[in-house]
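Listed below, chain by chain, are the residues.
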Amino acid sequence: MTAFLAVIGRDLRLAAKNEGEVLTLVLFFVSVGVIVPFAIGPDSETLRRLAPAIVWIAAFLSMLLGLDRLFRPDFEDGTLTLFRHARLPLPAIVGGKLIAHWLLTALPLVLATPILALLLSADLETFWRVVLSLLLGTPGLAALGAIGAGITVTLRRGGLIAPVLITPLAIPILIFGVATIAPPAGAAGSASAAGLFLAAISLLLCAITPFACALAITAGED
Amino acid sequence: MSIDSTVKGNWFSRIAHPGQFASWTRPVVLPMAIVTALLFAIAFWMAFFVSPAASENVGTTLRILYIHVPNAWLSQFVYAVMAASALGTLVWRHPMADVSMKAAAPLGATFTALALFTGSLWGRPTWGTYWEWDGRMTSTLVLLFIYLGIVALWRAFDDQLRAARIVAIFTLVGALNIPIVKFSVDWWSSLHQPTSVLRPDGPRMPANILTPLLVMTLAFTTLFLLLHLVRMRTEIRRRRLYTLERNRAAALEQRA
């Protein structure tokens, strides 16, 4: 357990030394949200209606952008090879890194949603629902992202492949994430049912990711 | 003496050894091509002369279904073949499973694209639109993106042996995810008619439509198996060429 916590602590300390990365990610998240009104016009009624979708798209893109930092630096300085031969099994290490990754890339986005909610004139209830759906959905997004990052870590030109690979697989998270805020007109089911599905998908992905990802890292380094 | 002659001729090594696979499949290709052509001839004859020209609920666009349904079936069948091969790669490190997986991916993408294309041709007169964000259409589109992603992943690696294990992991993650995608997209929006062939109370269409459809599906499936086999043989040759080129380059380097 101490080794597991040490893996999380190490990533957090590395990020604290280089806090620009997290801030850049939040900045990207907010700028995606800010750029949308320029494309669809400043009508606050339209923006209020689209706010959940815009926040989710912004979060989705930001999570994709932050993928590369999950394993790439460890691969380049050889830490990943050390991890493979550590006493702690590789899936556990990947799990620890996944938790740290969520704390560093998803939690800041959730904390930054008030800015977007304010700019997009969302009401208070919508805002809380957005926060709830992001809290439920981002672990799943982070887990899928980790699979993508693990698969492409040995590729020098892998930057764009991982997002392309995981975008189709992330569609259920997007569907249920937005439906947790406001279910679409044709959907059968309530917002709370969508929230439960979202949580279920996130749990499933978080359960399989450490193993799939560890297998991909082992296969890639052979 | 070559390595080939030391291999015992049991069935497993006949499948597993690339050289042996290439030699026992050589006589299979031509008969399979003939069978496929015959099946297609029968299926087209049935589609044009046995089947009615129109049915009460889809009208004269009925014949598009004879092309659309087999492609839609193959779009899922090919993924099942890939997932089974992926298990072969990960569990038994079966060399032909790699080749099978790689050969199937572009074929799956093509059949999926054809299913979407014929579906939208069918949708224009029937639903009045080429594209609708309906559950089944959307999940087929997502499947196409997954296929294209897998093809891109294969191409991103120089070392195809290492690529195989990584693509296999992704293929299996995808196989786990596709039912979730399908379910969630259906939940999201649905317009496509419900399943009408495989139903507990028997197929919901007359026999003179069902029979041509089944024969056509069989013809398309044999076409896939044939193309898959040919692509696998091509891939074996490509790998052999790659090894020869590398050996030659190494020999030249040694001389220099």
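Residue indices follow the written sequence of each chain, beginning from 1 at its first position. Chain letters and ligand numbers both follow the written order, the letters beginning at A and the numbers at 1. Per-residue local features of the predicted model are confined to residues with pLDDT of at least 70, and side-chain atom pairs are confined, for both listing and counting, to 80 or more; whole-chain, interface and lining totals are unaffected and use all residues.

## Some remarks on the overall build of chain B
Regarding its fold elements, chain B presents seven helices and zero strands. If you list the helices and strands of chain B from N to C, you get α-α-α-α-α-α-α. Whether a residue is buried, exposed or partly exposed follows from its count of other C-beta atoms within 10 Å of its own C-beta, namely 20 or more, 12 or fewer, or something in between, respectively; the C-beta atoms are built from the backbone. When burial is assessed residue by residue, chain B has 32% of its 256 residues classed as buried. Residue pairs are scored as contacts if the distance between their C-beta atoms, which are placed from the backbone, is within 7 Å. Intrachain contacts of chain B at a sequence separation of at least 6 include 78% that bridge at least 24 residues. Per the convention used, a helix needs a DSSP run of H or I reaching at least four residues, while a strand needs a run of E reaching at least two, with both numbered from the N terminus.

## Here we look at the environment of I236(B)
Residues and elements named next belong to chain B. Of note, I236 is situated in helix 7 (residues 207-255). Classification of I236 by C-beta neighbours within 10 Å gives partly exposed; the count is 19. In this structure the C-alpha to C-alpha distance between I236 and M96, which are 140 residues apart in sequence, comes to 8.8 Å. What I236 contacts, discounting residues up to four positions off in sequence, is P18, F21, A22 and V99.

## Focus: helix 4 (residues 95-127) of chain B
With 33 residues, helix 4 of chain B ought to run about 48 Å at 1.5 Å a step, and its terminal C-alpha atoms sit 47 Å apart, in line with that. G128(B) sits one or two residues past helix 4 of chain B and shows a positive phi near 85 degrees. Given the number of residues in a helix, its expected span is that number minus one, multiplied by 1.5 Å.

## Overview of the interface of chain A and chain B
If you look at the interface, chain A gives 27 residues, while chain B gives 24 residues. If you list the elements that add at least two residues to the side of chain A that touches chain B, you get helix 7 (124-152), helix 8 (161-169), helix 9 (171-181) and helix 10 (191-221) of chain A. A total of seven residues in the side of chain A that touches chain B trace back to one element, the largest contributor, which is helix 10 of chain A. Looking at side-chain class alone, the side of chain A that touches chain B contains 21 nonpolar, four polar and two charged residues. Under the scheme applied here, ten amino acids are nonpolar (Ala, Val, Leu, Ile, Met, Phe, Trp, Tyr, Cys and Pro), four are charged (Asp, Glu, Lys and Arg), and all others, including Gly, are polar.

## Observations regarding the packing of helix 9 of chain A against helix 10 of chain A
All names here are of chain A. To get an axis, a line is fitted to the C-alpha atoms, and for a helix only the part in contact is used. The angle between two axes follows their N-to-C directions and goes from 0 to 180 degrees. Where helix 9 meets helix 10, the closest approach of the two axes is 8 Å, and the angle between their N-to-C directions is 145 degrees. As for how helix 9 packs across helix 10, the hand of that crossing is left-handed. Together, P172, I173, F176, G177, A179 and T180 of helix 9 and A191, A194, G195, F197, L198 and I201 of helix 10 make up the contact between the two elements. Broken down by class, the residue content of the contact of helix 9 with helix 10 amounts to nine nonpolar, three polar and no charged. Rotating anticlockwise by less than a right angle from the far helix to the near helix defines a left-handed crossing, while the corresponding clockwise rotation defines a right-handed one.

## A closer look at unusual backbone geometry
The phi torsion at S121(A) lies on the positive side, around 50 degrees, for a residue other than glycine. Looking at the secondary structure, you find S121(A) in the loop between helix 6 (90-119) and helix 7.

## Some words on the confidence of the model for chain A
Each residue gets a pLDDT score, which is the predictor's confidence in that residue and runs from 0 to 100. Per-residue confidence for chain A gives a mean pLDDT of 88; residues scoring 70 or more make up 96%. By mean pLDDT, helix 4 (residues 72-76) of chain A is the weakest element of chain A at 87, and helix 6 of chain A is the strongest at 92.

## What about helix 2 (residues 20-40) of chain A?
Residues and elements named next belong to chain A. Between its terminal C-alpha atoms helix 2 stretches 31 Å, which fits the 30 Å expected from 21 residues at 1.5 Å a residue. Every buried residue of helix 2 is accounted for by L25, F29, G33 and V36. All buried residues of helix 2 fall inside an arc of 75 degrees around its axis, so they share one side. Within helix 2, the exposed residues directed more than 90 degrees away from the buried face are G20, L23, S31, I35 and F38. Buried-residue contacts for helix 2 involve helix 3 (44-65) and helix 6. One or two steps after helix 2, the chain reaches G41, where phi turns positive at roughly 95 degrees. In this context, the arc is that of the directions from the helix axis out to the C-beta atoms.

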